[in-house]
Amino acid sequence: MTSDLEAQLRAVSLRVTRPRLAVLATLRDHPHVDTDTVIELVRADLPSVSHQAVYDVLRALTDTGLIRRIQPAGATARYETRVRDNHHHVVCRGCGTIADVDCAVGHAPCLTASGDHGFVVEEAEVVYWGTCPDCVTKRSEEGS
């Protein structure tokens, strides 16, 4: 798997470094985590990596399109490696869990604006809000 991550970095002309590999591996294995969680998980493998190094890696990976930064309303920024496809997210109002939702249409933009004001619309960002199964169960148990 590391060689795949190395190839991804090289494909966007980024130097292969241990922090970059660690961040990519972390996001591959733990999608939709915030920066603090990325730092915690990366430090499990690279204890000496600094906060700033992780921030710099996240910025470089986002800028080159290897990862995607998402920030649902009222939430901290999260990161994922699922890029270059037209997918959306569902967010739990109770615990903040985020999951991917494939686009029903498949191509971007999946929605047509009622008025585009002269813009060339390329993408529609859709966030579904609801309650995850764990929170539904918890509410049911509390109500019993």
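If you're wondering where the values come from, they're calculated on a predicted model, not measured in any experiment.

**Some details on the UniProt feature "binding site: Zn(2+)" (unreviewed entry) in the chain**
In the UniProt entry, the feature "binding site: Zn(2+)" (unreviewed entry) is given for Cys92, Cys95, Cys132 and Cys135. Maximum C-alpha separation among the annotated residues is 8.1 Å over a sequence range of 44 residues, consistent with a single clustered spot. The residue Cys132 is located in the loop between strand E6 (127–130) and helix H5 (133–143) in this model. Setting aside chain neighbours within four positions, we find Cys132 in contact with Cys92 and Cys95. Judged by relative accessible area, Cys135 falls into the buried class, the value being 13%. Not counting the four nearest positions on each side in its chain, Cys135 is found in contact with Cys92, Gly94 and Cys95.

**So, the packing of helix H1 (residues 2–11) against helix H2 (residues 18–29)**
Two numbers describe how H1 lies on H2: the axes approach to 10 Å, and their chain directions differ by 110°. Looking at the two axes, H1 sits roughly perpendicular to H2. The two elements H1 and H2 cross, and the hand of that crossing is right-handed. Contacts between H1 and H2 involve Thr2, Leu5, Glu6, Gln8 and Leu9 from the first element and Arg20, Leu21, Leu24, Ala25 and Arg28 from the second. Each residue belonging to the contact of H1 with H2 can be placed in one class, and the counts come to five nonpolar, two polar and three charged.

What counts, and where the lines are drawn
Each chain carries its own residue numbering, running from 1 in the direction its sequence is written. Only residues with pLDDT of 70 or above have their local features reported here, since the model is predicted, and side-chain atom pairs are shown and tallied only from 80 upward, although totals for entire chains, interfaces and linings are computed over all residues. Side-chain metrics in this entry use all non-hydrogen atoms of the structure; hydrogen atoms and water are not considered. UniProt positions are given in the numbering used here, feature names are shortened, and annotations may be inferred rather than shown by experiment. A run of DSSP states H or I qualifies as a helix once it reaches four residues; a run of E qualifies as a strand once it reaches two. Both are numbered from the N-terminal end. The contact criterion used throughout is that any non-hydrogen atoms of two residues lie within 4.5 Å. Partly exposed residues are those whose accessible area sits between 20% and 50% of the maximum for their type, while under 20% is buried and over 50% is exposed, using a 1.4 Å probe and protein chains only. For helices, the fitted line uses only the C-alpha atoms of the stretch in contact; every axis is such a line through C-alpha atoms, and the angle between N-to-C directions lies from 0 to 180 degrees. In what follows, roughly perpendicular refers to angles from 65 to 115 degrees, roughly parallel to angles under 35, roughly antiparallel to angles over 145, and oblique to any angle outside these ranges. Handedness of a crossing follows from how the near helix is turned relative to the far one, being left-handed for an anticlockwise turn of less than a right angle and right-handed for a clockwise one. In this count, Pro and Cys sit with the nonpolar residues alongside Ala, Val, Leu, Ile, Met, Phe, Trp and Tyr, while Asp, Glu, Lys and Arg are called charged and the others, Gly among them, polar.

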